[in-house]
Amino acid sequence: MNPTTRNHFAWLIVALFFIGSVINYLDRAVLGVVMPLVRKDLSLSNSDYSLAVNAFLVPYMVFYVLGGRGAVRFGYRRTFTVSVIFWSIANMLHGMARGLGSLCFFRALLGIGEGGYYPTAMRGLSEWFAPENRAKAVGLLICGVSVGSLVTPPLVAWITIQFGWRASFLFTGALGFLLVLVWLY
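Figured I'd write up the structure that's included with this text. It should be emphasised that the depicted structure is a prediction, and the values quoted were computed from it without experimental measurement. (Residues numbered from 1 in each chain as written. Predicted model: local features only at pLDDT ≥ 70, side-chain atom pairs only at ≥ 80, totals over all residues. Heavy atoms only, no water.)

**So, the side chain of aspartate 48**
Checked against the element boundaries, aspartate 48 lands in helix H2 (residues 46–74). This buried residue, aspartate 48, is left without a salt bridge; arginine 39 holds the nearest opposite charge, at 7.2 Å. Excluding its chain neighbours within four sequence positions, the residues that come into contact with aspartate 48 are Ser43 and Leu100. (Helix = DSSP H or I, 4+ residues; strand = E, 2+ residues; numbered from the N terminus. Buried < 20%, exposed > 50% of the residue type's maximum accessible area, 1.4 Å probe, protein only. Lys, Arg positive; Asp, Glu negative; His and termini not counted. Salt bridge = Lys/Arg side-chain N within 4 Å of Asp/Glu carboxyl O. Contact = heavy atoms within 4.5 Å.)

Right, dumping it as structure tokens:
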């Protein structure tokens, strides 16, 4: 691959990682937007909500480390695909929650799937960018978190008003599958 083509392809990879970062944050933040409805529908207390939040955070922390190891062992391309598919399914499963136990289980699955994403993205960026050029690419990747936090409330509110809180998880989870299709192409 000639240097110009390689450079263009590297920025395409950054764009896909950026979109993944937006979707990653979107999927984790859906619960915060629809929580008043979820709490009412599933009869959850404030303590129950904190358990659901922590059910995500603990595996997320663990899989930050394990995801990095997976990206080294299996490569960023494969690990990216597996992570996005796993967290997308986990997010969609939230729409089937029937109580605290199932909600916490689905949150834990989401933490497992999302935890490996950023170490995988960093591994991919390190393969495409020399250290002196990597900061812009990493900055764009991390910028996806801000964009995700910006678009989540209005998007999820609109879906929830139109179709209900369960549909919000289904719709946002499906976005990851669209990303994987483009990634595999």
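From this point on, the discussion continues.
**Here we look at the environment of leucine 110**
Assignment of secondary structure puts leucine 110 in helix H4 (residues 100–115). Along the sequence, leucine 110 and valine 62 sit 48 residues apart, while their C-alpha atoms lie 12 Å from each other. If near-sequence neighbours (up to four positions away) are discounted, leucine 110 is found in contact with Asp27, Arg28, Phe56, Trp87, Ala90, Asn91 and His94.

**Topic: the pattern of salt bridges**
Close approach of charged atoms allows side chains with opposite charge to pair. Tallying each qualifying case throughout the model produces 3 salt bridges. With a shortest N-O distance of 3.1 Å, glutamate 114 and arginine 28 are connected by a salt bridge. A residue pair is termed long-range when its members are at least 10 positions apart, and glutamate 114 in helix H4 and arginine 28 in helix H1 (residues 3–42) qualify at 86 residues. There is no split in this pair, since glutamate 114 and arginine 28 are both buried. Between arginine 123 and glutamate 127 there is a salt bridge whose closest N-O contact spans 3.2 Å. Of this pair, arginine 123 and glutamate 127 both sit in helix H5 (residues 117–128), 4 residues apart, roughly one helical turn. Accessibility expressed as a relative area gives 37% for glutamate 127, which makes it partly exposed.

**A look at unusual backbone geometry**
Look at serine 43: it is not a glycine, yet its phi comes out positive at around 55°. Its place among the elements puts serine 43 in the loop between H1 and H2.

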